[in-house]
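Each chain, letter by letter, is given below.
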Amino acid sequence: MDSGSPAGRVPAAGPRGGGSRARTPEAASAALPAVTAERASAVAADNDAREPAAGAPQPEGATAAADGGDGARATAPTGHPAGPEGAAPAAAAERPAVTAGGPGGGSGPEPRPKGASTAATDTAHRPATEAAGAAGHPGPAGPEGTGHPAGGERLRFVGAATRRIARGIDLDEIVLGLCRATVPTFADAILVYLRDPLPVGDERPVGPVVLRLRRTDQLPEHVRGTGEGDAADPEAERPEPVPDLAGCAAERCEVRIGGPLAEVLRGVRPVFGDSSAARAALPELLGDDRPVPDRQRTILAPLRGRRRVIGAAVFVRRPDRAAFENDDLLVAAQLATHTALGVDKAVLYGREVYIADELQRTMLPDSLPQPTGVRLASRYLPAAETARVGGDWYDAIPLPGNRVALVVGDVMGHSMTSAAIMGQLRTTAQTLAGLDLPPAEVLHHLDEQAQRLGSDRMATCMYAVYDPVAHRIVIANAGHPPPILLHRGGRAEVLRVPPGAPIGVGGVDFEAVELDAPAGATLLLYTDGLVESRIRDVWTGIEQLRERLIETARLTGPNPPPLEPLCDEVLGMLGPGDRDDDIALLAARFEGIAPSDVAYWFLDPRPQTARQARRLARRALTRWGLEELTDAVELLVSEVITNAVRYAERPITLRLLRTDVLRCEVGDDVPQLPRLRQARPSDEGGRGLYLVNRLARRWGATRLSTGKVVWFELALPAHAR
């Protein structure tokens with residue numbers, strides 16, 4: 001039993017919580033019979049009316065801790081069958097009651113307080129709480145000496161148990177709450193079976209109903225092996241050790257259509273194990289070799305949710321413990337109902353979590369591109385386990401000329417709505433980046449898009465474009481925390497970028513700055529959840545982040561720290577109270593492209609330009625030792641240059657880059673993109689792109705703000721890789 005649970009304390013009987021005094025036969029005959037569940041309200045009212053004044057001695061057998069709140073746990077019925085009304089069993093009259101302290105908890109009868117009247121003690125018309133036995137099974141006592149559970153005690157137990165079940169939010173917590181609430185108070189063992197798979201909402205499962213054992217719980221072995229012998233007399237005869245009540249059950253059960261188990265589950269109501277229906281259903285559920293205690297020591301309770309039966313619970317008592325009573329079926333029904341509704345709630349919550357995870361996963365990139373000249377790493381953390389979606393996002397978008405756009409944004413809030421708005425803004429940013437617009441223009445269009453989505457759609461965003469050839473980066477900011485640049489030598493600086501207004505404000509200009517991006521430096525873009533929380537402001541968090549980067553860089557000496565461990569170290573600065581918002585982190589390691597690996601020319605659009613381009617490309621390949629590619633490069637460059645000369649009015653650009661591949665780019669001022677088509681036999685042209693498609697490893701065309709770029713790539717020879 002969990003002593004920390006609201007049901008962890010058992011009201012003790014006797015004057016002011018002390019032990020009970022031995023009863024005489026005359027006093028026992030004056031006690032009332034057990035109170036049924038239907039009379040629980042009347043009994044509770046009677047208890048309140050007969051409560052003695054402060055300082056007055058309580059009649060023996062009165063409940064000392066009857067508040068019934070979270071601080072006191074009412075116990076389950078464990079008593080023996082009742083005798084005739086108004087009479088108590090002789091054994092109870094001859095044996096003193098045991099205090100609610102488990103085995104050996106009482107030391108015999110306690111003396112009656114001074115001034116306590118024998119008549120007042122013997123004629124108390126209230127139910128009392130009594131220990132269930134020496135094996136540690138506390139249970140509510142009924143009329144003194146009978147062992148019957150009182151209705152008020154039974155209701156308090158049900159209330160405490162259902163509160164414990166209701167506290168669970170996932171499937172395991174709810175099932176665990178049922179097990180811990182019932183063992184050992186209500187039963188000595190419990191087996192919980194649930195459908196596999198569990199239906200969700202209005203789903204109608206197809207195929208046979210399969211029950212799988214979800215959890216079992218029972219008394220520890222040293223408790224199961226003890227009986228009710230006299231603890232003071234080690235020579236006293238004790239019962240034989242009780243066998244394992246939950247260890248031999250079948251793990252899986254397929255419910256036969258029209259079988260006895262199906263009939264019990266369809267009936268919904270709990271049944272005793274010795275009933276005709278349960279005698280046939282239990283072997284089907286637990287297995288034919290599973291021993292079941294005789295008489296009314298087993299209850300089979302179907303678990304019915306909002307629309308259908310989703311499982312079954314089996315409550316078992318030891319053979320040396322009092323059997324279940326008819327009112328215990330009502331207790332089992334309440335426990336089963338609350339558990340089934342909780343399981344339904346947990347399944348629906350699990351589906352919501354799955355939808356949230358899928359939404360967040362699809363809104364963020366599955367993997368980052370790895371363009372030439374820059375290495376990337378990223379992290380995303382939700383605000384909490386119960387808030388798995390948010391408005392933070394990051395992205396890396398390849399651009400023409402081996403450039404890359406780095407984006408980090410934060411939509412206000414961390415809900416489904418924020419995630420949906422984030423997805424729309426991210427898609428818009430990708431489209432604008434594909435047009436190769438300047439960073440300030442991208443933020444301006446994002447601001448317009450946010451206003452179209454609604455008047456209260458606010459977001460911050462940082463948009464940067466890195467050029468590995470020029471070793472420069474252009475950054476524009478819309479109300480976002482400033483980026484941090486970690487230099488190769490270990491120095492970290494907060495970049496001075498104009499803050500700008502958040503996206504969605506409207507009517508605000510955005511300013512971009514161009515900065516150096518030296519090789520070996522690392523740029524960190526992040527959202528405010530990393531540096532701001534309830535216990536620190538944003539600038540304190542930024543300074544702590546900068547110091548954390550310096551400490552991490554010091555560990556690797558002159559070499560920059562690896563990106564993935566660096567991201568983990570950055571997230572390691574978060575404390576227990578720092579997770580107030582979701583976090584997006586994007587790290588970019590600038591490697592650049594050496595000037596010796598780049599060849600760049602401006603060519604006038606003349607008929608002789610194709611020949612000039614072939615000659616320039618041949619010289620560059622010879623300088624790089626790539627003569628094997630000369631024929632293919634001359635043919636493809638000639639085809640692409642010829643198409644550009646035909647339509648261009650301004651100078652044409654030709655650029656060759658040697659990285660892990662050989663890349664050729666031809667730019668002109670015509671925005672129309674070329675399309676691959678099948679030329680007819682009579683056509684004189686239209687076959688240039690067909691040759692490019694067949695000979696190049698990859699090719700494509702990108703529209704720019706000043707025209708377009710057509711590019712293709714060829715694999716390098718083995719000796720040049």
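Residues numbered from 1 in each chain as written. Predicted model: local features only at pLDDT ≥ 70, side-chain atom pairs only at ≥ 80, totals over all residues. Heavy atoms only, no water.

1. A word on the packing of helix H5 (residues 151-166) against helix H10 (residues 326-363)
Counted only if it meets this: Axis definition: a line fit to C-alpha positions, over the contact stretch in the case of helices; interaxial angles, taken between N-to-C directions, run 0 to 180 degrees. The way it works is that DSSP assigns letters per residue, a run of H or I at least four long becomes a helix, a run of E at least two long becomes a strand, and they are numbered from the N terminus. Roughly parallel refers to an angle under 35 degrees, roughly antiparallel to one over 145, roughly perpendicular to one between 65 and 115, and oblique to any angle outside these ranges. Should the near helix be turned anticlockwise from the far one by less than a right angle, the crossing is left-handed, and should it be turned clockwise, the crossing is right-handed. Contacts were defined at the residue level, with two residues in contact if any of their heavy atoms lie within 4.5 Å. When residues are grouped by polarity, Ala, Val, Leu, Ile, Met, Phe, Trp, Tyr, Cys and Pro land in nonpolar, Asp, Glu, Lys and Arg in charged, and all others, Gly among them, in polar.
It is at 10 Å that the axes of H5 and H10 come closest, and there the two elements cross at 15°. Viewed along their axes, H5 and H10 adopt a mutual orientation that is roughly parallel. Between H5 and H10 lies a crossing of right-handed hand. Taking contact as the criterion, the partners of Arg 154, Phe 157, Val 158, Ala 161, Thr 162, Ile 165 and Ala 166 in H5 are, on H10, Asp 327, Asp 328, Val 331, Gln 334, Leu 335, His 338, Thr 339 and Lys 345. Residue composition of the contact of H5 with H10, grouped by class: 7 nonpolar, 4 polar and 4 charged.

2. Overview of the sheet that holds strand E16 (residues 512-516)
Definition in use: Paired strands, in this sense, are two strands between which DSSP finds at least two bridges.
Taken together, the 5 strands give an open sheet; going across it, the order is E10-E11-E12-E13-E16, and neighbouring strands pair in antiparallel fashion. Either end of the sheet is taken by a strand with one partner, and the two such strands are strand E10 (392-398) and E16. Sheet twist, expressed as the average angle between the axes of neighbouring strands with direction ignored, equals 15°. Relative to E16, strand E13 (residues 472-478) runs antiparallel, the two sharing 5 bridges. Within E16, the position partnered with Arg 472 by the bridge is Asp 516.

3. Overview of the sheet that holds strand E6 (residues 271-272)
Taken in spatial order, the 6 strands of this open sheet run E5-E4-E3-E8-E7-E6, and their pairing is antiparallel. For this open sheet the edge positions go to strand E5 (252-255) and E6, each flanked by a neighbour on one side alone. As judged from the 7 bridges shared by strand E3 (residues 189-195) and strand E4 (residues 209-218), these two strands associate in the antiparallel manner. Opposite Ala 189, over in E4, you have Gln 218 as the bridge partner. Lying on the sheet, H10 is in contact with E3, E6, strand E7 (298-304) and strand E8 (309-316); it crosses E7 at an angle near 35°.

4. Brief notes about unusual backbone geometry
Note the cis peptide between Val 183 and Pro 184, where omega equals 5°. Position of Pro 184 relative to the elements: it lies in the loop between helix H6 (171-182) and E3. Of the consecutive residues Asp 196 and Pro 197, the connecting peptide bond is found in the cis state with omega at 0°. The residue Pro 197 is located in the loop between E3 and E4 in this model. Backbone geometry places Asp 436, a non-glycine residue, at a positive phi of 60°. Tracing the sequence through the fold places Asp 436 in the loop between helix H11 (416-434) and helix H12 (439-453).

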